[in-house]
Amino acid sequence: REWMMSSVKAKSLWTIDLVVLLQNMLDLDTSNNLTSSSYLFCSKQFGIDESYNNFHYYKDAFSEDEIRVKSLFEKAKHQSLPLMQVSHMSLNILIDLVSRENVVAIVLLDNTIFNHQNNMANGEATSNDD
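Now for a description of the structure that goes with this document. (Residues numbered from 1 in each chain as written. Predicted model: local features only at pLDDT ≥ 70, side-chain atom pairs only at ≥ 80, totals over all residues. Heavy atoms only, no water.)

## As for the nonpolar core
A general tendency of soluble globular proteins is for nonpolar side chains to be buried together.
Then step 1. Of all hydrophobic cores here, the largest spans 16 residues; its most connected members are Trp-14, Ile-16, Val-19, Phe-62 and Val-69.
Then step 2. Mapped onto this core, the elements with two or more residues apiece are helix 2 (15-31) and helix 4 (62-78).
Then step 3. The residues touching Phe-62, leaving out its near neighbours within four places in the chain, are Trp-14, Ile-48, Asp-49, Glu-50, Tyr-52 and Asn-53.
Then step 4. Counting 6 residues, the second-largest nonpolar core is a separate cluster that includes Met-4, Met-5, Ala-10 and Leu-21. (Core = buried A, V, L, I, M, F, W, Y, C linked by side-chain atoms within 4.5 Å. Buried < 20%, exposed > 50% of the residue type's maximum accessible area, 1.4 Å probe, protein only. Helix = DSSP H or I, 4+ residues; strand = E, 2+ residues; numbered from the N terminus. Contact = heavy atoms within 4.5 Å.)

This is the structure in structure tokens:
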């Protein structure tokens, strides 16, 4: 984690940071003629989710992050990096994609959604009335 944080020179890490880091590593690899790799970054939105402003992890640098992340997405688009905006991806499609030979997947999930679905699967009731 430390090398990633020092590479992005920011207080928090966003998915676009991971895309840029990956692209930089692939560019280095290509310039050394080591391997040929590709990726596809899928996200429901290209930018910052305003609701993350309330999360402690992002709170201290949210305004700075918003400018930086927007700039990174614009740069990625200008460089024609493989980005695809998807509003929803079913579990079956995700499984199909990551099950393919020679595919390495990095799947980032919103922990609040995962915890909610996990609680529902375990039969636990959740309430927003706390």
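## Remarks on the environment of Ala-61
Then step 1. Within the element layout of this structure, Ala-61 appears in the loop between helix 3 (56-59) and helix 4.
Then step 2. Considering only alpha carbons, one finds Ala-61 and Ala-10, 51 residues apart in sequence, at a separation of 8.4 Å.

## Side note on the environment of Phe-62
Then step 1. Along the chain, Phe-62 turns up in helix 4.
Then step 2. Under the relative-accessibility criterion, Phe-62 is labelled buried at 5%.
Then step 3. Separated by 14 residues in the primary sequence, Phe-62 and Ile-48 place their C-alpha atoms 9.2 Å from one another.

## Comments concerning helix 4
It helps to recall that an α-helix has 3.6 residues per turn; residues three or four apart then point in one direction.
Then step 1. A rise of 1.5 Å per residue sets the reference length of helix 4, with its 17 residues, at 24 Å; its end C-alpha atoms lie 24 Å apart and thus fit the reference within 8%.
Then step 2. Restricting attention to buried positions, one finds in helix 4 the residues Phe-62, Asp-65, Arg-68, Val-69, Leu-72, Phe-73 and Ala-76. All buried residues of helix 4 project into a common sector of 135 degrees when viewed along the axis, lining one side. Counted as exposed and oriented over 90 degrees from the buried face of helix 4: Ser-63, Glu-64, Ile-67, Lys-70, Lys-77 and His-78.
Then step 3. Where helix 4 ends, the next residue or the one after it, Ser-80, has phi of about 55 degrees, a positive value. (Expected span 1.5 Å × (residues − 1). Arc of directions from axis to C-beta.)

Coordinates in, geometry out; function isn't part of it.
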